[in-house]
Structures are given as C-alpha cells and as structure tokens.
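Architecture at a glance
Listed below are the residues making up each chain.
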Amino acid sequence: MTGTVGIIGGSDKLLEQWLRAAGLQCVHLRADELSAPIRGTTAAPEVVFVDVREQRTLLAVIPQIKRSHPSIGIAIICSTLDPALMLDAMRAGVNECVAEPVTAESVQAAISRLLQQAAPTQGRAFAIVGAKGGVGATTIAVNLAHALAQATAEVLLIDLNLSSGDTGTFFGAEPRFTVQDALENTHRLDETFFRSLVVKISSNLDLLAVSPRATVAAGPLDLKNVRALIDFAVRYYQYVVLDVPRAESALVDALDAATAIFVVVNQELPTVRNAQVVVLRLRQRYGGERISVLINRTDRQSEIAPEDIEKALKMRIGHAFPSDYRAAIAALNKGEPLAKTTRGRLASSIHAFAQTLGPPRDKGRPEKTPASESSRIFGWLTPDRSTSGQ
Ligand SMILES: Nc1ncnc2c1ncn2[C@@H]1O[C@H](COP(=O)(O)OP(=O)(O)OP(=O)(O)O)[C@@H](O)[C@H]1O
Ligand SMILES: [Mg+2]
C-alpha cells in the first residue's frame, strides 16, 4: 500500500507500527489541524485515523475535516461498536470503524478499503481543437460538456483560450476566478481550492473559465502547469472537456492526458489546410488512435465533400454537426447552451455525439455516494464484519 495516513488522538504506538509495516507514511496531527483547507505545498493525507478510545469528544472534529477535505477517508478506532457511538460516527461522516481488539489485520483492512475509496477518478478528457478561428470549437465544447453532464456524469469544462475565452458567455456566467488562477497555483491545487475556482453551471457541470476582461494573455504559457491542471482535473471529474484554441498552438503539446482529441473543421479550403498541419502535429505527438475529425456546419452544397476531408487528413470523420445558425445564435444570446434540450437538429446531433463517447468511469469516492455511505454503516453493525475488529 502507498499513501499517507494522518493520526489524531490516542497514544497507541502499535497503530503507527502497523501502518508503517504496510508501507504507509504516518503523520501525527493535532485535532484541529485539518479543520481548514491546507494552503501551500503540503498535501493532505489520503486517510485519517481518529482514535476516540481515550477521548470520544474527538468525533466533533470530523465534520470539519470532511468539510475542508471532502476526499479524505476517515476511520475511527473505538473500544466497542456501541450503537450510539456508531450513529454519531455516521452523522460525523466517518467511513470506517475499527473496534477492540484492534489488530494489524483490522487496521490494514480498514485502510485498504479507505484508500480504494479515495482512489482518484481518472475521468476521460476530451480536447476540442479548432482547425481555424471561428469553426465552432467552443460551441461544440460547451454543448458536449452540457450533454455529458445531463447524462448524470460529473463534468468540468476548461476554457484554454487564455487570451479571449468566451465559454462564460455561452452559459451567461461571469467567473470570479479563472483558469489563469488555476494555472498560477498548480502547486497548491487541492479539491477544496479547485472547487472554489470553478463556476457551478448545474449540479453536474463546472466551468473553469477565462475572465471576460482578460484580453491579453498574462505572461508566457507554462505547459507544465497546463498538464498539471488537466491531470488534476481528471482525478476529480468523470469527464473533462477542453476548449483548445488553435492560435495558442503550444497548447496542443500539453494534451497528454486527453483520452481523445477532436479537430474541428468546416468545408472550407483554408480550414482543411490548417487542419492538415494540426492533425500532423497531433499525430506525431500522440499517435493516430486518439485523434479524430469533426465537421461543423455541414454543407451538402459545398465543393469540399466529407470524403475529400477524410482523404486530405487521412482520417475518418468522427461526427458531423449540421448547420443551424439560428439555433446557435439564439442559444448564445440567451446564455443557454443549445444542448439544454434535445430538440432541433443541432442539439440532437450534439447529444448523439456525446453518446458515442461511452459511459463515465465509476467513481470510488465515498462522499459522492450517500447510498454506499449508509450501507457501510449498516455493514459495521452486521456480524460478519470481522475486519472491523469484532
Ligand atoms: N453548427 C453550427 N451552425 C451554425 N452556427 C454555428 C454552428 N456552430 C457554431 N456556430 C456559430 O459560429 C460562430 C463561431 O462559433 P464558436 O465561437 O464556437 O467558434 P470557435 O471556433 O470557438 O471560435 P474562436 O476561434 O473565436 O474561438 C458562433 O456565432 C456560433 O454560434
Ligand atoms: Mg472559441
């Protein structure tokens, strides 16, 4: 096992020995030490043991820890599985309970369950790259994110158009914090801090936007930070959609964590030419498997047919979105993504595309699944929970 375990309360030296023997790092913490988000470079432990055998009042710090560090798994060590204590523990947000006789096996079993639950999500990241300005990359990114979120997955949309991102406008949202704040603070990203930077668009959709006032990109772009941001995001969201500008071409080198990269084109010669350059670059860097082409605003009358684009780019078209200028503009003017409904040919095409991307990966994090949380508590009270130290 790997990870860091925080220990609060108690004076049991054996506990630390057992944890170290299992390959874990241990830190002794004061009761109030995790009551607020950790700032700076220190990382919070993945799991905390609160020993309430000598001091039952320590239970009171657990709700504060959960509030400040929602992803930390918490176990208590108690003398007996007394129902009143269990109820208080459940209300406090405790995930595991180890009762006397506390053994190396019961401690290690609890910790391994907690670490499993705290395991990062590893969501899928989809990058939408416009082959040329104005092809509709943001329209697709915004509506794809919205459609995926409607399918009950947790979705984050990151606007990487650092100098002129307009995703906020598509949602009628004005961000207080922006992607620039996240990129400047990748060293201190934790879940609480991150969630304070995003705009909550709906219960499943968060947006990390660009400030509407950021007309000039601040300083040179550090690709290391962009990679760190995407890596962090896929740990907490089931889907991450990236709106990537072609102009900041350096950004296409930071898409290592992307599950799929979609290059958006129109049936226009200059766009297809640009797409050739972008596709070649992406192919050289990431291989052909992850890259695919999307045609936006399809035009049956166009002299450039989809097959011509496939030939020019040596790649199959992943999806083609119809042209519906009126619907696109109406949505923009309302500040509501058109994928809010499935009515209309453009909206239904976006939903159809979202469905081709596969279901979200399961999350194992307990605080997001109240049902599994309560079943754990019932689990403590059933006789076969030998691993809980009965
Ligand atoms: N399928 C479509 N049918 C009709 N109009 C569309 C469609 N997709 C996008 N548009 C319109 O095209 C314009 C440009 O779209 P969008 O802002 O998404 O492009 P972009 O590639 O992100 O541009 P930029 O390079 O400025 O970031 C918008 O007015 C949008 O409403
Ligand atoms: Mg755009």
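Scroll up to find the structure.
Here we summarise the structure given alongside this text. Since we're looking at a predicted model, the values are computed, not measured.

So, the overall build of the protein
- In terms of regular secondary structure, the protein is built from 14 helices and 13 strands.
- By residue count, 52% of the 390 residues in the protein fall in the buried class.
- Put simply, 75% of the contacts in the protein that link residues at least 6 apart link residues at least 24 apart.

A word on the environment of Glu 289
- Note that Glu 289 resides in the loop between α10 (269-286) and β12 (291-298).
- Between the C-alpha atoms of Glu 289 and Ile 261, which are 28 residues apart in sequence, the distance is 9.4 Å.

Digging into the site of ligand 1
- Around ligand 1, 16 residues are found, and the nearest of them are Gly 134, Thr 138, Thr 139, Arg 297 and Asp 324.
- Contact between ligand 1 and Val 135: an oxygen atom at 3.2 Å from a main-chain N or O atom of the residue.
- Contact between ligand 1 and Thr 138: an oxygen atom at 2.7 Å from a side-chain N or O atom of the residue.
- Within the complex, the protein chains bury 79% of what would otherwise be the 630 Å² of accessible surface of ligand 1.
- The cavity where ligand 1 resides is the largest pocket.
- Contributing elements (two or more residues each) for the shell around ligand 1: α5 (137-150), β12 and α12 (325-334).
- Tallied by class, residues from the shell around ligand 1 come to 7 nonpolar, 7 polar and 2 charged.

Some details on the side chain of Asp 324
- Relative to the helices and strands, Asp 324 resides in the loop between β13 (317-322) and α12.
- In terms of polar contacts, Asp 324 uses its side chain to reach the backbone amide nitrogen of Ala 327, at 3.2 Å.
- Those residues in contact with Asp 324 that lie beyond four places of it in its chain are Arg 345 and Leu 346.

Re the sheet that holds strand β8 (residues 199-200)
- If you trace the 8 strands from one edge of the open sheet to the other, you get β8-β9-β7-β10-β6-β11-β12-β13, paired in mixed fashion. At either end of the open sheet lies a strand with only one pairing partner, and these are β8 and β13.
- Note: strand β7 (residues 155-159) against strand β10 (residues 239-244), 5 bridges, orientation parallel. Counterpart to Val 155 in the pairing with β10 is Tyr 239.
- This element, α10, spans β6 (124-130), β11 (260-265) and β12 of the sheet and lies at about 170° to β11.

Some points on the sheet that holds strand β1 (residues 4-8)
- Spatial ordering of the open sheet is given by β2-β1-β3-β4-β5, a layout of 5 strands whose pairing is parallel. The two strands at the open ends of the sheet, each matched to only one other strand, are β2 (25-29) and β5 (96-99). Each strand of the sheet is rotated relative to its neighbour by a mean of 25°, with strand direction disregarded.
- One ladder, built from 4 bridges, connects strand β4 (residues 73-78) with β5; its direction is parallel. Bridge pairing links Ile 77 to Val 98 in β5.
- Packing against the sheet, helix α1 (residues 13-21) makes contact with β1, β2, β3 (47-51) and β4, and its axis sits at approximately 150° to β2.

Criteria and cut-off values
Starting afresh in each chain, residues are numbered from 1 along the sequence in its written order. Chain letters and ligand numbers both follow the written order, the letters beginning at A and the numbers at 1. Local features are withheld for residues below a pLDDT of 70 in this predicted model, meaning they are given only at 70 or higher, and side-chain atom pairs are given and counted only at 80 or more; totals for whole chains, interfaces and linings count all residues. Excluded from the side-chain calculation are hydrogens and water; included are all heavy atoms of the structure. The numbering of helices and of strands both runs from the N terminus, where a helix is a DSSP run of H or I of at least 4 residues and a strand a run of E of at least 2. Burial here depends on accessible area, computed with a 1.4 Å probe over protein chains only, as a share of the maximum for the residue type. Under 20% is buried, over 50% is exposed, and the range in between is partly exposed. The contact criterion used is simple: two residues touch if any of their non-hydrogen atoms lie within 4.5 Å. Consider each residue's heavy atoms; a residue with any of them within 4 Å of a molecule or strand counts as near. N or O atoms within 3.5 Å of each other form a polar contact, as long as, within protein, one can give a hydrogen and the other can take it, and as long as residues adjacent in sequence are counted only when both atoms are side-chain atoms. The Shrake-Rupley method, run with a 1.4 Å probe, gives the accessible areas here. Residue values count only the displayed protein chains as cover. Both cavities and pockets are sets of points on a 1 Å grid over the protein atoms alone; in a cavity a 1.4 Å probe fits but cannot get out, in a pocket the set is open with protein on both sides within 12 Å along at least five of seven lines, and lining residues sit with an atom within 4 Å of a point. Pocket or cavity membership: a molecule qualifies when more than half of its atoms sit within 2 Å of the grid points of that site. Amino acid classes used here: Ala, Val, Leu, Ile, Met, Phe, Trp, Tyr, Cys and Pro are nonpolar; Asp, Glu, Lys and Arg are charged; the rest, including Gly, are polar. Strand pairing is assigned whenever DSSP detects at least two bridges linking the two strands. Each axis is a line fitted through C-alpha atoms, taken for helices only over the stretch in contact, and angles between the N-to-C directions span 0 to 180 degrees.

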